[in-house]
Amino acid sequence: MNRIIFSFIIITLTGVFSELGAQDVPKCRTYDAIDMLLLQYPHLREQMEESENELEDFTMDFTANRSGDEEIYLIPVVFHIIHDGGIENISDEQVYDAMTILNRDFRLENEDVEDVIEEFSSLPADIKIEFKLAQRDPSGNCTNGINRVQSILTDEGGENMKSLSMWPRDSYLNVWVCRDAGGAAGYTLIPSSVDGNFGLSNDGIVLLHNYTGSIGTSNENRSRTLTHEVGHWINLRHLWGGTNDPGEADNCFIDDGVDDTPLSLGWTSCVLAGETCGSLDNIQNYMEYSCLLYTSPSPRDLS
């Protein structure tokens, strides 16, 4: 599966948040992981820039020549449950629930889309991508797409943990579920950072067990974390650009690469009327930190 090809499909993922109790939770660590990668492999920076330019050219050409193609793109997924016999060894049902939510969000079947504020109500779209748990493993054997590995590396959540079990990235989206991911709810690497020969043992999404789905060890308020990380995996940035730091003054000068989302400092609270860069912010977007994933207002602050 070529992620550069899949990347052009996403224009905007917009969703809304169902209000639940407040929580103090970790954030997405995608850009921290990329920074660490570049420190270890500085030569990748030039490769990443070339890949981004290639993708931009491909996107412009596709947009100019699209012919109303209604093809549904199907992506096989494997969940590697890395556990040490604790509650992080989540049930098959919790994985199935996570997949249901992911597909619901990408196919615009979420009921709360009706709550998107009027100014952005035209943005939510059916992305024409579906995710399905793998039915065959790399050797051709039948599988339910859930692979369990017992290891203390469930508390490490990094590259060593990934190396315990990874299926070929050109055929599967790998998702690792663990007990600790370096203080993050989840993270992944963007396509350009794993393009070419590098990334064969790095490509995929890491999730905390209690941010996987909406049942079992997780809950509804944490259930869009996988949607957010898949957005990164398909090349979406945070709305304030390519960092993990919402609220920084310089963020108004960093674009997320998507035309229909306005510049934003980034939010950690759900202020639906918030303006930070001279225009209304699209804070209900799946790629924000506010209304969907990591904080919850009680009640929503409209001021």
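Just so we're clear, the structure is a prediction, and the values are computed from it rather than from any experiment.

**Brief notes about the environment of D245**
Line of reasoning, step 1. Position of D245 relative to the elements: it lies in the loop between helix 6 (225-233) and helix 7 (290-294).
Line of reasoning, step 2. In the structure, D245 is positioned 23 residues away from T268 in sequence and 9.9 Å away in space, judged by C-alpha atoms.
Line of reasoning, step 3. Apart from the residues lying within four places of it in its own chain, the contact partners of D245 are W240 and N251.

**Some words on the confidence of the model for the protein**
Line of reasoning, step 1. Looking at the protein as a whole, its pLDDT mean stands at 80, while 74% of the residues score no less than 70.
Line of reasoning, step 2. Of all helices and strands in the protein, the one with the weakest mean pLDDT is helix 1 (residues 3-7) (39), whereas strand 3 (residues 146-150) scores best (98).
Line of reasoning, step 3. For the stretch residues 1-12, pLDDT sits under 50, and the model shows 52 contacts to residues farther than four places along the chain or on other chains.
Line of reasoning, step 4. When the criterion is pLDDT under 50, residues 294-303 qualifies, and its contacts beyond four places in sequence or with other chains add up to 37 contacts.

**Notes on the pairing of strand 4 (residues 173-178)**
Line of reasoning, step 1. Among the six residues in strand 4, six count as buried, and that is most of the element.
Line of reasoning, step 2. Here strand 4 shows no split at all, with L173, V175 and V177 on one side and N174, W176 and C178 on the other all buried.
Line of reasoning, step 3. In this structure, strand 1 (residues 73-83) lies alongside strand 4, joined through five bridges in parallel fashion. If you follow V78 over to strand 4, its bridge partner there is N174.
Line of reasoning, step 4. Pairing analysis gives four bridges linking strand 4 to strand 6 (residues 205-208), with the strands arranged parallel. Its bridge partner being in strand 6, V175 is matched across the sheet by I205.

What counts and how
Residues numbered from 1 in each chain as written. Predicted model: local features only at pLDDT ≥ 70, side-chain atom pairs only at ≥ 80, totals over all residues. Heavy atoms only, no water. Helix = DSSP H or I, 4+ residues; strand = E, 2+ residues; numbered from the N terminus. Contact = heavy atoms within 4.5 Å. pLDDT = per-residue confidence, 0-100. Buried < 20%, exposed > 50% of the residue type's maximum accessible area, 1.4 Å probe, protein only. Pairing = 2+ DSSP bridges.

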